[in-house]
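Each chain is listed here by its residues.
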Amino acid sequence: MSGTHDSDGSPTPGGTSPGATTPHAPAPGTWHPRPETARDIPAVRRIHLAAFETAGEADLVDALRRDPVAWLPGLSYVTEAPDGIPVAHALLTRCHVDDVPAVALAPCAVLPGYQKCGAGGAVIRALLQAAREAGERTAIVLGHAPYYPRFGFAPAATRFGILPPQPWPDEAFMALSLDGSPPPRGTVRYATAFGIA
């Protein structure tokens with residue numbers, strides 16, 4: 001599975017980062033996360049191409065966007081810098097825990113020059129709030145273990161009884177209850193575009 005790319009510049013399963021920062025990056029309070037629009041599609045692709053060593057994550061976003069079952073309108077977010085340029089992207093798509101609907105957080109990416117500045121955290125927080133408001137109950141992520149707990153994620157298998165479709169490290173495969181209710185137990189099934197049998 002393609003991994004995610006954290007705003008702290010840390011590599012995660014399936015992704016790497018140059019970890020670059022820019023001395024002119026805005027303060028955290030100046031980020032503007034918002035839903036993706038059709039005009040953002042080229043910028044979203046550029047973000048993923050810049051953040052990862054291959055086009056895999058950018059291609060994954062495009063494939064998910066074309067999947068009417070996986071794609072959830074309003075749950076693809078960008079963060080704008082103060083000049084209005086999108087610099088970070090995060091996406092939630094439909095997955096299932098056994099037969100119970102959930103959402104998968106992946107991929108996430110930040111332009112290298114804006115990593116470690118809060119742009120990634122801003123877009124993820126806004127996206128998770130949008131999922132709550134849309135009535136989603138459970139979010140799943142495969143990512144950097146020290147990064148995602150700040151958003152409330154915890155090890156999915158040991159904490160919730162949610163199993164990965166492949167033998168991933170427990171500390172990297174995490175879940176979050178979006179509505180405070182106990183998440184469903186079972187095995188996660190991702191959208192076809194992820195290429196996970």
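Calculation rules
Residues numbered from 1 in each chain as written. Predicted model: local features only at pLDDT ≥ 70, side-chain atom pairs only at ≥ 80, totals over all residues. Heavy atoms only, no water. Axes fitted to C-alpha atoms, helices over the stretch in contact; angles between N-to-C directions. Helix = DSSP H or I, 4+ residues; strand = E, 2+ residues; numbered from the N terminus. Contact = heavy atoms within 4.5 Å. Nonpolar A, V, L, I, M, F, W, Y, C, P; charged D, E, K, R; others polar. Core = buried A, V, L, I, M, F, W, Y, C linked by side-chain atoms within 4.5 Å. Buried < 20%, exposed > 50% of the residue type's maximum accessible area, 1.4 Å probe, protein only. Salt bridge = Lys/Arg side-chain N within 4 Å of Asp/Glu carboxyl O. Phe/Tyr/Trp six-rings, centres within 6.5 Å; stacked < 30°, edge-to-face > 60°.

Taken N-terminus to C-terminus, the directions of helix H1 (residues 41-51) and helix H2 (residues 56-65) make an angle of 145 degrees; their axes are 8 Å apart at the nearest point. Residue-level contacts link Ile41, Val44, Arg45, His48 and Leu49 of H1 to Glu57, Ala58, Asp59, Val61, Asp62 and Arg65 of H2. For the contact of H1 with H2, the residue count by class is five nonpolar, one polar and five charged.

Glancing now at the nonpolar core. Core analysis: the biggest nonpolar cluster contains 32 residues, and Leu92, Leu105, Ile124, Leu128, Tyr148 and Phe153 have the highest contact counts within it. Only strand E2 (71-80), strand E3 (86-97), strand E4 (100-110), helix H3 (119-133), strand E5 (138-142) and strand E8 (173-177) provide two or more residues apiece to this core. Sorting elements by how many residues they give to this core places H3 first, with nine residues. If you look at the next biggest cluster of nonpolar residues, it comprises 28 residues, including Cys95, Ala106, Phe173 and Ala175.

A separate point is the pattern of salt bridges. In this structure the tally under the stated criterion is nine salt bridges. Glu36 is the salt-bridge partner of Arg65, the closest N and O atoms lying 3.0 Å from each other. Note that Arg65 is positioned in helix H2 and Glu36 in the loop between strand E1 (32-35) and H1, a separation of 29 residues in sequence. Like Arg65, the residue Glu36 is buried in the burial classification. Put simply, Asp62 and Arg65 hold a salt bridge, and the shortest N to O gap is 3.1 Å. Highlighted residues: Asp62 and Arg65, both in helix H2, separated by three residues, approximately one helical turn. Counted as one network, the salt bridges with shared partners bring together Glu36, Arg45, Asp59, Asp62 and Arg65.

For the peptide bond that leads from Ala106 to Pro107, omega is -10 degrees, which places it in the cis range. By secondary structure assignment, the location of Pro107 is in strand E4. The phi torsion at Asp98 lies on the positive side, around 55 degrees, for a residue other than glycine. With respect to the helices and strands, Asp98 occurs in the loop between E3 and E4. A positive phi angle, close to 65 degrees, is found at Lys116, a residue other than glycine. Examined against the element boundaries, Lys116 turns out to sit in the loop between E4 and H3. Given a relative accessible area of 54%, Lys116 falls into the exposed group.

Attention shifts here to the packing of aromatic side chains. What the rule picks out here adds up to eight aromatic pairs. Geometrically, the ring pair formed by Trp31 and Tyr114 is edge-to-face, given 6.1 Å between the ring centres and 75 degrees between the ring planes. Placement of the pair is Trp31 in the segment before E1 and Tyr114 in the loop between E4 and H3, with a sequence separation of 83 residues. Overall, Tyr114 belongs to the partly exposed group, its relative accessible area being 23%. Taking 5.4 Å as the distance between ring centres and 70 degrees as the angle between the ring planes, the aromatic pair formed by Tyr147 and Phe151 counts as edge-to-face. A single burial state applies to Tyr147 and to Phe151, both of which are buried. Aromatic ring contacts, followed pair by pair, group Tyr147, Tyr148, Phe151 and Phe153 into a single cluster.

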